[in-house]
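A look at the structure
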Amino acid sequence: MKIHEYQAKAILASFGVDIPKGELATTPEEAKRAAQRIGGSVWVVKAQVHAGGRGKGGGIKVCRSLDEVFAKAQAMLGNKLVTPQTGPQGKLVRKVYVEEGLDIARELYLGLILDRETRKIVLMASSEGGMEIEEVAARSPEKILKEYIDFLVGIQPFHIRNICFGLGLEGEVAKKAHRFIEGVYRAFVEKDASLVEINPLVVTKEGGFLALDAKMNFDDNALYRHKDVLELRDFDEEEPLEVQASKYDLSYIKLDGDIGNLVNGAGLAMATMDIIKYFGGEPANFLDVGGSADREKVRAAFEIILADKPKAILVNIFGGIMKCDIIADGIVEAAKNVKLDVPLVVRLQGTNVELGRKILAESGLPIIPAETMKEAAEKVVKAARGEIRP
Amino acid sequence: MAIFLDETARVLVQGITGSAGSFHTRQMVQYGTKVVAGVTPGKGGTQLDGIPVFNTVREAVKETGANATAIFVPAPFCKDAMLEAIDAGIKLIVCITEGVPVLDMLAVKPIADREGVRLIGPNCPGIISPGKAKIGIMPGHIHMPGHVGVVSRSGTLTYEAVDQLTKLGIGQSTCIGIGGDPIQGTGFIECLEAFEADNDTEAVVLIGEIGGQQEEKAAEWISKKMTKPVVAFIAGQTAPPGRRMGHAGAIIAGGKGTAKEKIECLKAHGIEVAPTPADIGITMARVLKKV
């Protein structure tokens with residue numbers, strides 16, 4: 001799960017990590033009043049959307065007067081922000097974060113992420129703050145410092161010393177860095193984060209050490225034990241069909257093609273998308289109904305797929321433990337309820353397969369049966385082009 | 001022979017009284033697996049089809065000599081269940097449950113390693129040595145005893161591959177679903193090592209997916225250490241970056257872990273890669289003819 005910058009900063013601050021003074025605003029008036037309360041003579045107005053690269057898209061503006069804060073907030077709020085990560089359609093800005101401007105001496109990078117191969121938590125730091133870390137990694141990997149932390153033992157002082165000396169931090173700033181890094185690590189493990197990224201992390205001319213930007217993602221599997229984090233979920237930032245799917249515990253991702261898919265199992269669902277593409281089609285979605293799909297789930301899945309207006313739908317079910325006749329019943333009932341008006345290619349395999357196919361054949365629905373995955377993929381691509389009909 | 005599991009395993013089911021636990025216990029028994037005990041705290045003294053249920057794993061092991069466990073308890077209790085099984089001296093743990101937090105696995109995995117425990121999963125279909133025993137949720141009837149090992153990060157896609165093999169008359173020695181999570185008890189290389197050492201296995205099907213570097217590491221290991229042929233398939237060629245494709249571990253992050261990279265890497269190491277998921281069986285049949 002993703003959260004906004006202002007939310008990530010609030011979490012980090014609760015672990016003793018220094019952040020600039022800031023306030024959230026949903027109107028230009030609020031933004032101006034926030035700037036007044038924050039004080040000073042320079043402010044930064046930052047669009048709050050779940051996408052990186054905001055600066056490049058005009059979503060981060062430095063302002064030197066309260067009127068400018070008002071104007072920049074007005075320009076962002078209610079408009080779409082296009083960044084390298086949002087795609088050309090952009091993202092609607094509903095909130096801005098107003099922050100005090102800082103006198104920056106150095107911009108650094110700090111990140112924490114799981115390393116699957118070593119099964120350790122990696123603390124990454126770089127003197128090249130403010131840039132995409134992938135770019136730095138590609139261009140000058142030697143500039144990225146990495147410390148591998150064993151979760152059972154936790155972060156040790158030497159990890160932080162290695163980072164501080166590596167970044168050339170000394171004296172009071174190094175002391176602040178110790179407290180900062182410890183706080184970020186504690187936030188990562190205590191909140192079950194999957195990623196924490198502070199980019200840039202700044203050293204100010206007065207010797208401050210603060211998170212100027214902050215990104216936190218969380219392990220979805222651990223959200224049950226973090227109700228406070230779960231409350232930060234912003235449904236406005238998510239694809240509406242994906243939100244609907246998550247209510248039914250369906251794993252759904254909207255894609256750009258025109259062939260809808262309903263599959264049981266994530267691996268088989270990915271493989272089904274792949275084989276559609278192999279035969280020249282474009283999948284409209286990824287949809288895993290899970291191992292225990294009942295009628296209700298199958299119906300919800302059909303509604304979601306149809307809402308995306310596909311030209312044809314492929315159902316690919318390997319009913320191992322689940323019986324094919326029960327799945328076929330579910331498909332027939334769901335298809336009748338949702339007024340199916342596009343060709344449906346159904347491939348069923350597994351227990352009671354003959355009975356399942358019989359139920360589909362006698363249903364009167366516009367179903368094109370297929371026996372193998374290959375046959376199913378070829379047929380659905382042709383059906384989407386109008387080359388074959390049920 | 002087979003790897004990790006054979007007919008001598010004395011299996012315990014943690015979470016035996018739950019709906020998934022009881023259903024799959026019956027399926028496992030029907031397949032011929034020796035399920036000797038169940039554990040559900042608070043239900044000790046009861047039975048499921050004559051299988052005694054205990055309150056603790058320690059008690060179940062003491063009374064029945066169980067040496068393997070299938071875990072069906074809900075995700076929030078899996079860390080505890082795995083550690084309890086390790087503590088009780090169980091040496092083969094198969095965790096079926098989906099949704100175990102990554103940090104829980106970061107705690108359990110090193111302890112399992114230290115205690116010499118073979119941990120499979122979580123978020124996996126389990127393991128089956130056809131004709132001998134199964135610990136998991138895969139449909140037994142699609143399998144056939146034989147000499148091809150199968151190792152996969154997926155569930156139903158593995159059934160698809162096994163079904164293709166069986167229909168072509170190619171039996172399997174052992175099929176293992178290692179699970180779709182970022183941190184797994186057992187990875188590809190450990191399975192490949194075991195298949196390489198197993199006299200009963202002549203070739204291996206490896207089914208990978210997007211995310212991580214496991215397939216690349218496996219490719220390198222195969223080219224250096226494996227004498228038996230391997231046929232691979234990688235799911236997720238059309239998966240968009242940055243999106244979790246159902247499995248917690250199936251995500252292209254920071255431009256890394258794409259299917260294209262993995263397929264190129266496998267091919268560069270001389271491994272046959274099936275072009276579509278429908279060609280896994282046929283590709284293996286062709287490779288076996290050459291041997």
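Conventions adopted
Residues numbered from 1 in each chain as written. Chains lettered and ligands numbered in written order. Predicted model: local features only at pLDDT ≥ 70, side-chain atom pairs only at ≥ 80, totals over all residues. Domains from an automatic or database assignment. Contact = placed C-beta atoms within 7 Å. Helix = DSSP H or I, 4+ residues; strand = E, 2+ residues; numbered from the N terminus. Nonpolar A, V, L, I, M, F, W, Y, C, P; charged D, E, K, R; others polar. Buried ≥ 20, exposed ≤ 12 C-beta atoms within 10 Å, placed from the backbone. Pairing = 2+ DSSP bridges. Right-handed = clockwise from strand over helix to strand, strands pointing away. Axes fitted to C-alpha atoms, helices over the stretch in contact; angles between N-to-C directions.

Quick notes on the domain arrangement of chain B
All names here are of chain B.
- Looking at chain B, the domain boundaries give domain 1 (10–120) and domain 2 (138–290).
- On a C-alpha basis, the centres of domain 1 and domain 2 stand 26 Å from each other.
- Between domain 1 and domain 2, the residue contacts involve 11 residues of the former and eight residues of the latter.
- Of all the secondary structure elements, the ones that give two or more residues to the side of domain 1 that touches domain 2 are helix 4 (102–114) and strand 7 (118–120).
- The element contributing the most residues to the side of domain 1 that touches domain 2 is helix 4, with five residues.
- Classifying every residue of the side of domain 1 that touches domain 2 by side-chain character gives nine nonpolar, no polar and two charged.

Remarks on the pairing of strand 17 (residues 344–350) of chain A
All names here are of chain A.
- Judged by how many residues are buried, strand 17 sits mostly within the fold: seven of seven residues are covered.
- Residues L344, V346, L348 and G350 of strand 17 are buried on one face, and the alternating residues V345, R347 and Q349, pointing to the opposite face, are buried as well.
- Here seven bridges tie strand 16 (residues 312–319) to strand 17, and the two strands are oriented parallel to one another. The residue of strand 17 that forms the bridge with G319 is G350.
- Sheet topology note: the strand 17/strand 18 (residues 367–370) ladder contains four bridges and is parallel. Within strand 18, the position partnered with V345 by the bridge is I368.
- Crossover handedness for the path strand 17 to helix 12 (residues 353–361) to strand 18: right-handed.

Here we look at the interface of chain B and chain A
- Opposite the 48 residues of chain B that make contact, chain A presents 42 residues.
- Sorting the residues of the side of chain B that touches chain A by element identifies helix 4 and helix 5 (156–167) of chain B as the ones contributing at least two each.
- No other element matches the six residues that helix 4 of chain B contributes to the side of chain B that touches chain A.
- Here the side of chain B that touches chain A is composed, by residue class, of 26 nonpolar, 16 polar and six charged.

A word on the domain arrangement of chain A
- Domain assignment breaks chain A into domain 1 (1–20 + 104–238), domain 2 (21–101) and domain 3 (239–384).
- For domain 2 of chain A and domain 3 of chain A, the distance between their C-alpha centroids amounts to 43 Å.

A short note on the sheet that holds strand 8 (residues 126–129) of chain B
Residues and elements named next belong to chain B.
- Overall, mixed pairing links the seven strands, which are arranged 9-8-11-10-12-13-14 in an open sheet. Each end of this open sheet is capped by a strand with a single partner; those strands are strand 9 (133–136) and strand 14 (272–273).
- In terms of strand pairing, strand 8 meets strand 9 through four bridges, oriented antiparallel. Bridge pairing in strand 9 places I128 opposite K134.
- Across the sheet, helix 8 (residues 259–268) lies against strand 12 (203–209), strand 13 (230–235) and strand 14, angled at about 170° from strand 13, the strand it touches most.

Digging into the pairing of strand 14 (residues 259–263) of chain A
Residues and elements named next belong to chain A.
- Along strand 14, five of the five residues are buried, which leaves the element largely enclosed by surrounding structure.
- Residues I259, N261 and V263 of strand 14 are buried on one face, and the alternating residues G260 and L262, pointing to the opposite face, are buried as well.
- In this sheet, strand 16 lies alongside strand 14 in parallel orientation, the contact comprising five bridges. In the strand pairing of strand 16, V263 is matched with N316.

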